[in-house]
Amino acid sequence: MKQYERVMGEGNMAGKKKTGTLQIPTAPLRPGDKPHFDSWEFEPGDLSRPDPANCTASQTNEHAFGLVRVLDFGGNASGDWNPELSANELREGLEHMVRMRVFDERMMKMQRTGKLSFYMRSFGEEAVAIAQTMALENQDWVFPTYRQPGAQFVRGRDMVSMICHCIGNEEDNIKGRQMPVHYTYKEGRFISVSSPVGTQFSQSIGVAMASQYKGLDECCITWIGDGSSATGDYHYALNFASVFKPPVILNIVNNQWAISTHSSVASGNPTFAARGLAYNIPSFRVDGNDFLALYSVTKWARERALSGSGATHIEVLTYRAGAHSSSDDPSRYRPKDEQDAWPGGDPIERLVQHLIRIEEWSEDRQKELEERVDGEVMAAYKEAIKYGDLANGPYPSADAIFTEVYEEVPWHLKEQWDEMKRFGGD
Amino acid sequence: MKQYERVMGEGNMAGKKKTGTLQIPTAPLRPGDKPHFDSWEFEPGDLSRPDPANCTASQTNEHAFGLVRVLDFGGNASGDWNPELSANELREGLEHMVRMRVFDERMMKMQRTGKLSFYMRSFGEEAVAIAQTMALENQDWVFPTYRQPGAQFVRGRDMVSMICHCIGNEEDNIKGRQMPVHYTYKEGRFISVSSPVGTQFSQSIGVAMASQYKGLDECCITWIGDGSSATGDYHYALNFASVFKPPVILNIVNNQWAISTHSSVASGNPTFAARGLAYNIPSFRVDGNDFLALYSVTKWARERALSGSGATHIEVLTYRAGAHSSSDDPSRYRPKDEQDAWPGGDPIERLVQHLIRIEEWSEDRQKELEERVDGEVMAAYKEAIKYGDLANGPYPSADAIFTEVYEEVPWHLKEQWDEMKRFGGD
Amino acid sequence: MAEMNMVEAVNSALDNMLEKDEDVLFFGEDAGYFGGVFRTSDGLQEKFGRHRVFDTPLSEGGIAAIAFGMGINGLRPIAEIQFADYIFPAYDQIVNEIAKVRHRSGGEYWCPLTIRTPAGGGIRGGHHHSQSPESQFTHTAGLKIVYSSTPYNAKGLLISAIECNDPVIVFEPKRCYRGPFYGDPHNVPTWKSHPEAEVPESHYRVPIGEARMAMEGKSCTVISWGAMVHVSEQAIKDSGISCDLIDLQTLIPWDRDAIVKSIEKTGRCVIVHEAPKTSGFGAEMAASIQERCFYHLEAPIERVTGWDAPFPHTTEWDYMPSPARIADAIKKTMEE
Amino acid sequence: MAEMNMVEAVNSALDNMLEKDEDVLFFGEDAGYFGGVFRTSDGLQEKFGRHRVFDTPLSEGGIAAIAFGMGINGLRPIAEIQFADYIFPAYDQIVNEIAKVRHRSGGEYWCPLTIRTPAGGGIRGGHHHSQSPESQFTHTAGLKIVYSSTPYNAKGLLISAIECNDPVIVFEPKRCYRGPFYGDPHNVPTWKSHPEAEVPESHYRVPIGEARMAMEGKSCTVISWGAMVHVSEQAIKDSGISCDLIDLQTLIPWDRDAIVKSIEKTGRCVIVHEAPKTSGFGAEMAASIQERCFYHLEAPIERVTGWDAPFPHTTEWDYMPSPARIADAIKKTMEE
Ligand SMILES: Cc1ncc(C[n+]2csc(CCOP(=O)(O)OP(=O)(O)O)c2C)c(N)n1
Ligand SMILES: Cc1ncc(C[n+]2csc(CCOP(=O)(O)OP(=O)(O)O)c2C)c(N)n1
Ligand SMILES: [Mg+2]
Ligand SMILES: [Mg+2]
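Described in the following lines is the structure provided in the data block. Predicted, not measured: the structure shown is a model, and the values here were computed from it.

Side note on the site of ligand 2
Surveying the vicinity of ligand 2 reveals 19 residues, the closest of which are B:Tyr146, B:Asp226, B:Ser228, B:Trp257 and D:Glu60. At ligand 2, the nearby residues belong to more than one chain, namely chains B and D. Separating an oxygen atom of ligand 2 from a side-chain N or O atom of B:Tyr146 is a distance of 2.7 Å. In the model, an oxygen atom of ligand 2 is placed 2.8 Å from a nitrogen or oxygen of the B:Asn255 side chain.

Re the coordination of the magnesium ion (ligand 4)
Residues and elements named next belong to chain B. Those donors, Asp 226 (OD), Asn 255 (OD1) and Trp 257 (O), are the protein atoms that reach the magnesium ion (ligand 4), and they lie 2.0 to 2.1 Å from it. Written as a sequence motif, the donor residues of the magnesium ion (ligand 4) are D-x28-N-x1-W. Here the two residues Asn 255 and Trp 257 agree in accessibility, since each one is buried.

A look at the coordination of the magnesium ion (ligand 3)
All names here are of chain A. Protein-derived ligands of the magnesium ion (ligand 3) are Asp 226 (OD), Asn 255 (OD1) and Trp 257 (O), with the metal-ligand distances lying across 2.0 to 2.1 Å. Here the donor residues of the magnesium ion (ligand 3) are spaced in sequence according to D-x28-N-x1-W. Of this pair, Asp 226 sits in the loop between strand E2 (220-225) and helix H8 (232-244) while Asn 255 sits in the loop between strand E3 (248-254) and strand E4 (257-258), and the two are 29 residues apart along the sequence. Taking relative accessible area as the criterion, Asp 226 reaches 2% and is therefore assigned buried. The class for Asn 255 is buried, based on a relative accessible area of 5%.

What to know about the interface of chain B and chain D
Tallying the contact residues gives 53 residues for chain B and 52 residues for chain D. Surface buried jointly by chain B and chain D totals about 4200 Å² across both partners, of which 62% is contributed by carbon and sulfur atoms. Between chain B and chain D we count one salt bridge in total. A salt bridge links D:Asp328 to B:Arg422; its shortest N-O distance comes to 2.8 Å. At the surface where chain B touches chain D, the tally comes to 12 residue pairs in polar contact (both at pLDDT 80 or more). If you list the elements that add at least two residues to the side of chain B that touches chain D, you get helix H1 (3-9), helix H9 (263-266) and helix H13 (411-422) of chain B. With six residues, H13(B) is the largest single contributor of residues to the side of chain B that touches chain D. Broken down by class, the residue content of the side of chain B that touches chain D amounts to 26 nonpolar, 18 polar and nine charged.

A short note on the interface of chain A and chain B
Listed per partner, the contact involves 59 residues of chain A and 59 residues of chain B. Summing both sides of the interface, chain A and chain B together bury roughly 5000 Å²; the carbon and sulfur share of this comes to 54%. Across the chain A-chain B interface, the total number found is zero salt bridges. Applying the counting criterion to the chain A and chain B interface returns 20 residue pairs in polar contact (both at pLDDT 80 or more). For the side of chain A that touches chain B, the secondary structure elements donating two or more residues are helix H1 (3-9), helix H7 (199-213), H8 and helix H9 (263-266) of chain A. Top element by residues in the side of chain A that touches chain B is H8(A). It accounts for eight residues.

Regarding the site of ligand 1
Around ligand 1, the structure places 19 residues, and the nearest of them are A:Tyr146, A:Asp226, A:Ser228, A:Trp257 and C:Glu60. Near ligand 1, the surrounding residues are drawn from chains A and C. Within the backbone of A:Gly227, a nitrogen or oxygen atom sits 2.9 Å from an oxygen atom of ligand 1. In the environment of ligand 1, an oxygen atom lies 2.8 Å from a nitrogen or oxygen atom belonging to the backbone of A:Trp257. In isolation ligand 1 exposes 580 Å². Once the protein is present, 95% of that is buried. Looking at side-chain class alone, the shell around ligand 1 contains eight nonpolar, seven polar and four charged residues.

Examining unusual backbone geometry
Glycine aside, residues mostly have negative phi, and peptide bonds are mostly found in the trans state. With omega at -10 degrees, the peptide bond leading from C:Ile252 into C:Pro253 counts as cis. Along the chain, C:Pro253 falls in the loop between strand E12 (250-252) and helix H9 (256-266). Even without being a glycine, B:Ile259 presents a positive backbone phi close to 45 degrees. In this fold, B:Ile259 is placed in the loop between strand E4 (257-258) and strand E5 (261-262). Exposure remark for B:Ile259: the relative accessible area of 15% places this residue in the buried category. At C:Ser279, a residue that is not glycine, the phi angle is positive and equals roughly 60 degrees.

Quick look at the packing of aromatic side chains
Here the structure, examined in full by the defined rule, presents 65 aromatic pairs over all chains. Geometrically, the ring pair formed by B:Trp40 and B:Trp342 is edge-to-face, given 5.8 Å between the ring centres and 80 degrees between the ring planes. One end of the pair, B:Trp40, is in the loop between H1 and helix H2 (61-65); the other, B:Trp342, is in the loop between strand E7 (312-317) and helix H11 (347-357), and 302 residues separate them in sequence. With relative accessibility at 16%, the residue B:Trp40 sits in the buried group. Judged by centre distance (5.5 Å) and plane angle (65 degrees), the ring pair of B:Phe244 and C:Phe54 falls under edge-to-face.

Re the pairing of strand E5 (residues 114-119) of chain C
Residue and element names in this part refer to chain C. Most of E5 is tucked away: six of the six residues are buried. Across the two faces of E5 the burial is the same, with Thr 114, Arg 116 and Pro 118 and Ile 115, Thr 117 and Ala 119 all buried. Here three bridges tie strand E4 (residues 76-80) to E5, and the two strands are oriented parallel to one another. Within E5, the residue paired with Ala 79 across the bridge is Ile 115.

Quick notes on the rules
Counting restarts for each chain: residues are numbered from 1 in the order of the written sequence. Labels follow written order: the first chain is A, the first ligand is 1, and so on. Restriction of local features to residues with pLDDT of at least 70 applies here, the model being predicted, together with a cutoff of 80 or more for giving and counting side-chain atom pairs; totals for whole chains, interfaces and linings are based on all residues. The basis for every side-chain value is the complete set of heavy atoms in the structure, and neither hydrogens nor water enter the calculation. Think of it this way: one heavy atom of a residue within 4 Å of a molecule or strand is enough to make that residue near it. Nitrogen and oxygen atoms within 3.5 Å of one another constitute a polar contact, given that in protein one can donate a hydrogen and the other can accept it, and given that sequence-neighbouring residues count only through two side-chain atoms. Counted as donors are the N, O and S atoms within 2.8 Å of the metal, or 3.2 Å for Na, K and Ca, while water is not among the atoms, so some sites may look incomplete. Working definition: with a 1.4 Å probe on protein chains only, accessible area under 20% of the residue-type maximum means buried, over 50% means exposed, and in between means partly exposed. A run of H or I in DSSP becomes a helix once it reaches four residues, and a run of E becomes a strand once it reaches two; helices and strands are each numbered from the N terminus. We call two residues in contact whenever any of their non-hydrogen atoms come within 4.5 Å of each other. Summed over both partners, buried area is the accessible surface (1.4 Å probe) that two parts give up on being assembled. Any carboxyl oxygen of Asp or Glu that lies within 4 Å of a side-chain nitrogen of Lys or Arg is treated as forming a salt bridge with it. When residues are sorted by character, Ala, Val, Leu, Ile, Met, Phe, Trp, Tyr, Cys and Pro go into the nonpolar class, Asp, Glu, Lys and Arg into the charged class, and all the rest, Gly among them, into the polar class. Only the protein chains shown count as cover for residues, and the accessible areas themselves come from Shrake-Rupley with a 1.4 Å probe. Geometry of aromatic contacts follows a simple scheme: Phe, Tyr and Trp rings, the Trp one being its six-membered ring, pair when their centres are within 6.5 Å, and the pair is stacked under 30 degrees between planes, edge-to-face over 60, tilted otherwise. One requirement defines pairing of two strands: DSSP has to find at least two bridges between them.

Coordinates in, geometry out; function isn't part of it.
What follows is the structure in structure tokens.
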């Protein structure tokens, strides 16, 4: 018997039939449609830079519904948010971004030949981790998702060890335990990536509270995706941040997509930034392909964090230019070349354009840089595969299944370990 | 070895010592302090009544930070939100509120004598369930917490059966399975109360979606506490509501306390209502002790829900005048008589005052009502205990442990049931 | 009849039920337009409309919660959890709410929902795309738990789950979506010509609560579910010992009669699952079997399982029960 | 030495550790100013300050998450979950994150946190203030699980948990907070004069991984934990049979040596827990014991447990294992 038939028969409570049914949103454009985005109303200079220590949430109302920009589309930097970086700093940022992109391309190639099981690129979003981490101090904690590996370059991680992780060889510092791109790099205070999305967002509050408890000059930065902001952890993070005011920087990277799901299914609010206002946390929407704007807002947020005023909530507005991962084929769910229509363009091209505009760079130097980095990546790759790769081994010892589950191996694991060895697990 | 000592030794990443530590909020007043609240800036008539079908979230900005009121403290009703209820409707509401209060008092007495294991009153918050349910149609679904039993009076539930539930006797319609106050009353579309707080809030979205899917003239109303709005379910509810626009009315009852925890620990935002704006949902703060304002905003929300425009988010501003439950002693954590300082006064007194003011009621009639209701409750009580009570039995048969776990009893439960019977479980 | 792989069989079950009963809805992350990351709902949104088959926000807790609400309000929701590893944010809704609502409401409300989710290892998924968390749901009364292993039972069990008036969690071994798995990662067969890939296109049921005798023998009873059924089959062949192979299919309520009968015949029992050993469902089965069949057992009941460690990425073949380990356990029971 | 009930013993453990190590913080719902709904942290905020002992928002998921963050950043957080029934919103953080962080990070990060939570029935708590969900955490490698039963081990185990560099979940039988429980709801003794209520005021440990021999005998081994230890004691007395009574204390990793030794002596085993039977931790123990002690067992291992149903309110005494049921099971093992 169907339940609601019974209900409807009972007590004459059922309403009358009316037209209409569920209202299910979907992506505005699908394969076959012509890629298109509304152009942005906000220009560099439109939004003020409030005092970070004393800023209230409502003072950022315009920032949450607007868009903080520094670079215009002609490559000029302007406005209160211009961080006035030196050319060297800009070139450093550019180099990291180029490195990230080249690295990603190399890894994708290796993935296709079976040397990695899986890969995820930062393509189109390289500025996010790199500009934001550069705006911090080295003692600050970085709590990334799989789309912020770039922070490791900023913190000086050796590329060989990154590749060794991805190809799951003997030298993988996490011993083949997690999938590629699930980096851990404690020396650089880059906290371990884990697959369940969102969890790091709420955990970051505890990281920041610990720093604050100890009275150290440290903050924690973390990110979450547009899709993942629907998890409970997003709410926990914002809410605990509103209550305890820890030194934390909470970023939503709105790259428009969560695998095949458009951001309009992630939230009914056209700006993710504005959600932070509801928690009484100053909130900004930032052009995520504008290196300078990202840098600047992050620096502001750090200053605020360390003043004791608590969290900043930042929507990083960008576009996932590539597939979700090596397992994904976006041509099944979005228009081809949609990334070319993105109003924010490409973060690397925009920084190059700026550097050229201020006469600190040239096409030739860019080409040179790309070649140099390509060589670096190739060299690192060659070094890394010496220790094995997923297709050919050698892998981390299977013993690593049993170690570091606990600080010490308990008896039942010891028995199982012996059992495994009997069957050739080394 | 301590973890952070190791970290601090590594790579020279640790920051310098600075002053300051965790920032932990607490209640503004504690036992011994003189009870005090800021008086309210908003008067009846201050806030407009937008068109429910077309209202945008931002049109309710003032309503979310303000306070919708109809009754002033002199008992006059005014403003756009005046629902213009008939005297009979008002008296009906009053009667239900008085019934609720008398009922609660009787149950508390019974609890003290062991006839119930536990009890929770609606004291000071009687208007919430009663005004809001009266503003709905009978086919609308009511998804309550333990502080909205009053909705059952509106839907015509027999008091005897309510008491039989609370005292866990043979006639308890939920067969002694849950604690007192965990009512189920399907005939009145009052959905079962369960103890884990917050869960009903997200579930209500599914209830409303089902009604919408079927194209019926129905909505769902639900509530959550100020404390409980920190759960993930709160976020799921608001977010799914923002995406799917189901016919649902989402209330946060901010009664200032979550057991001993002040609302300043529940959220860093001084208004709970404003959170809804972040989800692009029209949001109101309403005087929860003002029967007329509550009724009116709820009616508005129903109209909106049935227009297909989706959810409304309502902060019901009130005060938990009693203890959290029969197990609680609020004198340990808040000033004595804090409830008397509450700017919103008492919901029953305020409706009485209004009815007298419009010459539809008198002190005598009120006294008469109270006596009549008291008699009713006493009669129901006497009837109910005929079927047993927790102190003396008879209880629902222990067989009820095994039934309705599944639609049919599977073999392993049958075996256990037999086993129980061997030991005298009847 | 048609030859289907497991993805097609699941799709066919959803298709049949969406067709048959307008109270049936299907939703989940990437489950609508895209048809699911494993393509199990491919084409269904197009066929039935966005109000029947749709994408949700990335929120397993919210997905379970709305399924609860729809269920008590008369629909038969089917919720997809993209990977079983991501079911845990919904754990509270499942174990405290969905499982208990019929009972707690004195039978006035109930929740005929289905949660289906790809589970298990063998796809290089590491910690969080490989877990097989079935046992973590078996302790909660009110839930029914099934675990399919072939195209035929994937469809038939899913239909039974959807039609069941109790909440059912359906685990599907993702490693077997496109072919059976015999424990050798280098041998990647498809379902082509496999007898269990013969699947009716129309509606049929595989009853909840009944195990399937996958192979018959006489010396030892091997019990398994999910991908491990095929690995066990291989192991039995390798061992050269004549065994009953029981594909459990339903974990709650499990088919004790079938198992007791087999063990009374064989006197020996090996249980194989890929989830960790400690408190895996093999523990419950072993405990129950020794209670019931004490005097028939000629050797201790062996469990061959995943290790008590997080599921690894590169070394997953050292983690999952292999034909060699299973065959060894079978032989061990024979030596006692 | 002082005489303490379990609430005082827990309070004393927290007090000692807050005093001893400034990395220790304690927090939870109503746990700060108020001192906890069971008063276990009474007076501690006043003594140590709001930055050491504090109230959190009502969000178990958030509580576990911040404990994780604090743990990997060098503190030793102790999080209280107000009732074990409310631990499930934190389940994802616990099983997918907290349990795995040491392993997943190649040992670079770890999380020395303690979650303590009152569990179990006997206080008329109905479905959601009575559950004893320990087994739902035992399947997840990386967690240690302890369950106290007396003031002495409540303090000693909690201190060990706080000092442990692995995450530990500490279950406390709320029914025994103020006195042992012998299965008769009308007999409400306090801890007064009970030998296990003699508790040092200073720091001491009860090691994780060691069981306690609560009674010694020769004919049957009774294994239990939490409140059921006392009920089992009563049952043994009532049965008139000479039994070892083993208070397990630690579930993961459990003290197999102690148990094997006892069963090799007695040849019989009864396991008692109040959580539902199916996939309760008794299942794992029975499965492991039959594996290890097959030739010593003279009768099937019996499990006396809560029923496979939600925990009831009015009829809780028909639900929880009673001395009569336990004694009956002991006798049954003797008859075989
Ligand atoms: C809790 C959980 N549910 C589902 C998944 C599967 N999954 C991995 S990434 C992803 C989409 C995430 O989208 P978004 O948050 O927007 O991040 P992006 O990939 O765009 O950077 C999904 C559904 C997961 N990893 N964790
Ligand atoms: C998930 C969960 N955690 C903890 C509790 C214990 N508990 C019961 S009521 C309550 C406080 C709720 O406060 P609030 O939401 O403000 O509602 P109020 O009691 O004030 O109406 C708590 C912590 C619970 N029932 N469920
Ligand atoms: Mg995204
Ligand atoms: Mg409250």
